[in-house]
Amino acid sequence: MPVEELTPSRSAALIEMAETFGAHNYHPLPVVIERGSGVWVWDVDGRRYLDCLSSYSALNQGHCHPRIVLAAVKQMRKVTLTSRAFHNAEMGSFFCELAGLCDMEAVLPMNSGAEAVETAIKTVRKWGYTVKGVPANQAEIIVFDGNFHGRTTTIISFSTEAQYRAGFGPFTPGFKVVQYGDAAAVRAAINRNTVAVLVEPIQGEAGVVVPPDGFLRELRNLCSLENVLLIADEIQTGLGRTGRMFACDYERVRPDMYILGKALGGGLYPVSAVVSSREILDVFRPGDHGSTFGGNPLACAIAREALRVIVDENLVARAAHTGDYFREGLEAIGSPHVREVRGKGLLIGVELKKESGPARPFCERLMAEGILCKETHEQVIRFAPPLVITREEVDWAVERVAKVLH
């Protein structure tokens, strides 16, 4: 069924309002979602779709998980916001539970992923000046080509995606970009002013790019040898998405700092955090950094339950096993359009051949078949359903993907 036939009068009217009055900073598929449960969503006309995007991994626990919703409602009836001018009854327990999960000592809460990345940048710069002894305003952070850490002015300053930078300069200095997956390039880039290496264990927005085996371990060894902090941006890859609690766990690497977000809010509320050692986060003094909403009681109550659901429902192992099953099913299609199927756990990229055209039309046809996913980096279809997906639901999806890709 053509995509245009999937937008009857009610959907069309709502889309027109959004396009007329909203800034055009996104290019969404023409579907208007009204409700969701588990791995499924329904549009305003009652059509059901399998969500294979999970709001870019913010819905690891599934849509409207009843335990997380209940935790939110209970907290909303008590108190939702106190600011950091005061303590609140949920914050300390949240800090304790998250630090323990990460095998770390301290937590700095924020709201969005980009805010947490900005917080990490500020942290390691001040650590460089006050602990390592880097000369004032000379700190450097090593980053990688193909990176995606957000779209704030500082973060796009070290992006290698032309569109993210065009028209938004001047840019923030202090970053060195090297090739992703190349530990030798990192070694060559380190100097006395290097304070940190910022890495995504798997690059999601770049097209689900998995680095060579041993790359993260080499980074860990280099950073330890050179007195440089290793920052793992696990906003998309963390909290079970890749079949491990953290993608760094595949190489038994413990970074100096985790950046977390997305699924930390259980799909209900924006929650992010920087998690690190006491020594590193203690570079901050009152007034150095803050957030009115960061660590608010509603966010903390939701995040605590979101973490417990991941553990109690064994979602990490489920992501590993179901992810392998999903990838095998996609590979077995044997599509003439597919160059490669790659990923870990339930973070899967299907790269299309250039001669087959961009991924967007394929995503539109998948939508017509009842599967919602999104293209990334022109040629890649990303499949990242909630971690609660079953094998039967994977079979349902693969059958329809095969129809579109043949």
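Conventions adopted
Residues numbered from 1 in each chain as written. Predicted model: local features only at pLDDT ≥ 70, side-chain atom pairs only at ≥ 80, totals over all residues. Heavy atoms only, no water. Axes fitted to C-alpha atoms, helices over the stretch in contact; angles between N-to-C directions. Helix = DSSP H or I, 4+ residues; strand = E, 2+ residues; numbered from the N terminus. Parallel < 35°, antiparallel > 145°, perpendicular 65-115°, else oblique. Left-handed = near helix turned anticlockwise from the far one by under 90°. Contact = heavy atoms within 4.5 Å. Nonpolar A, V, L, I, M, F, W, Y, C, P; charged D, E, K, R; others polar. Buried < 20%, exposed > 50% of the residue type's maximum accessible area, 1.4 Å probe, protein only. Pairing = 2+ DSSP bridges. Polar contact = N/O pair within 3.5 Å; in protein donor to acceptor, adjacent residues only side chain to side chain. Salt bridge = Lys/Arg side-chain N within 4 Å of Asp/Glu carboxyl O. Expected span 1.5 Å × (residues − 1). Core = buried A, V, L, I, M, F, W, Y, C linked by side-chain atoms within 4.5 Å. Disulfide = S-S within 2.5 Å.

S.K.: Would you mind going over the packing of helix H12 (residues 315-332) against helix H14 (residues 391-405) with me for this structure?
M.R.: The description of two packed helices rests on the angle between their axes and on the distance between the axes. Where H12 meets H14, the axes come as close as 10 Å, and the angle between the chain directions of the two elements is 20 degrees. One way to sum up the angle between H12 and H14 is to call them roughly parallel. Relative to H14, H12 is oriented so that their crossing is right-handed. Across from His321, Thr322, Tyr325, Phe326, Gly329 and Leu330 in H12, the residues of H14 making contact are Arg391, Val394, Asp395, Ala397, Val398 and Val401. Split by residue class, the contact of H12 with H14 holds seven nonpolar, three polar and two charged.

S.K.: Looking at this structure, how should I read the environment of Ile202?
M.R.: Residue placement: Ile202 occurs in the loop between strand S7 (194-199) and helix H9 (215-226). Its relative accessible area of 4% is what places Ile202 among the buried residues. Remark: the alpha-carbon pair of Ile202 and Ser272, spanning 70 residues in sequence, is separated by 19 Å. Sequence-distant contacts of Ile202, that is, excluding residues within four places in its chain, are made with Tyr180, Val208, Val209, Val210, Pro211, Thr237, Thr242, Lys344 and Leu347.

S.K.: For this particular structure, what's the right way to read the sheet that holds strand S6 (residues 175-178)?
M.R.: Two pairing modes exist for strands in a sheet, parallel and antiparallel, and in both the strands are linked by backbone hydrogen bonds. The sheet built from seven strands is open, its strands ordered S4-S10-S9-S8-S7-S5-S6 with mixed pairing. Two strands in the sheet have a free side with no partner beyond their single neighbour: strand S4 (106-110) and S6. Taking the axes of each pair of neighbouring strands and ignoring which way they run, one obtains an average angle of 20 degrees across the sheet. Where S4 and strand S10 (residues 272-276) come together, five bridges link them in antiparallel fashion. Each bridged residue has a counterpart across the sheet, and for Pro109 the counterpart in S10 is Ala273. Across the face of the sheet, helix H4 (residues 91-102) comes into contact with S4, strand S9 (257-260) and S10 while running at roughly 115 degrees to S4. Those strands touched by H9 are strand S5 (140-144), S7 and strand S8 (229-233), and its axis lies near 165 degrees from that of S7.

S.K.: Hey, could you run me through the environment of Asp288 in this one?
M.R.: Take Asp288: it is sitting in the loop between helix H10 (278-281) and helix H11 (297-312). Judged by its relative accessible area of 30%, Asp288 is partly exposed. Along the primary structure Asp288 and Lys122 are separated by 166 residues, whereas in three dimensions their C-alpha atoms are 9.4 Å apart. Asp288 has contacts with Lys122, Lys126 and Val283, leaving out every residue within four places of it along the chain. Polar contacts involving the side chain of Asp288 include one to the main-chain amide nitrogen of Arg285, which spans 2.9 Å.

S.K.: How do you make sense of the pattern of salt bridges when you look at a structure like this?
M.R.: If charged atoms from side chains of opposite charge come close, those side chains can pair. Enumeration according to the criterion identifies 24 salt bridges in this entry. Notably, a salt bridge pairs Glu340 with Arg342, separated by 2.8 Å at the nearest N-O pair. Glu364 is the salt-bridge partner of Arg360, the closest N and O atoms lying 3.1 Å from each other. Of this pair, Arg360 and Glu364 both sit in helix H13 (residues 360-368), four residues apart, roughly one helical turn. What you see here is one network of salt bridges that share partners, running through Arg67, Glu90, Glu97, Arg304, Glu305, Arg308 and Asp312.

S.K.: Can you walk me through H14 in this structure?
M.R.: Here H14 is 15 residues long and its end C-alpha atoms lie 20 Å apart, about the 21 Å a rise of 1.5 Å per residue gives. Buried residues of H14: Glu393, Val394, Ala397, Val398, Arg400, Val401, Ala402, Val404 and Leu405, and no others.

S.K.: Even after reading the chapter, I still don't get the nonpolar core, so can you show me in this structure?
M.R.: The nonpolar side chains of a soluble globular protein tend to be buried with one another. Residues Leu98, Leu264, Ile381 and Phe383 are the most contacted members of the largest nonpolar core, which totals 84 residues. By residue number, the principal contributor to this core is H11, which donates nine residues.

S.K.: So what exactly am I meant to see when it comes to the sheet that holds strand S12 (residues 347-352) here?
M.R.: Spatially, the four strands line up as an open sheet ordered S11-S12-S15-S14, and their pairing is antiparallel. Each edge of the open sheet is held by one strand with a lone partner, namely strand S11 (338-344) and strand S14 (374-376). Along the sheet, successive strands turn relative to each other by an average axial angle of 30 degrees, direction set aside. The pairing of S14 with strand S15 (residues 380-383) spans three bridges and is classified as antiparallel.

S.K.: What exactly am I supposed to notice about unusual backbone geometry here?
M.R.: Most peptide bonds adopt trans geometry, and most residues besides glycine take a negative phi value. In this model, Gly169 is joined to Pro170 through a cis peptide bond whose omega is 5 degrees. Looking at where Pro170 falls in the secondary structure, it is placed in the loop between helix H7 (162-165) and S6. Of note, the phi angle at Ser54 is positive, near 55 degrees, even though the residue is not glycine. On the secondary structure map, Ser54 appears in helix H2 (residues 54-57). Given a relative accessible area of 0%, Ser54 falls into the buried group.

S.K.: For this particular structure, what's the right way to read the state of the cysteines?
M.R.: Working definition of a disulfide: a covalent bond connecting the sulfur atoms of two cysteines. This model, assessed by the stated rule, comprises zero disulfides. Cys223 takes part in no disulfide bond, and the closest cysteine sulfur, belonging to Cys248, lies 11 Å away. Residue Cys223 is classed as buried on the basis of its relative accessible area, which comes to 1%. The cysteine Cys363 is free of any disulfide, with Cys373 supplying the nearest cysteine sulfur at 4.2 Å. Among the residues examined, Cys363 registers a relative accessible area of 0% and is labelled buried.

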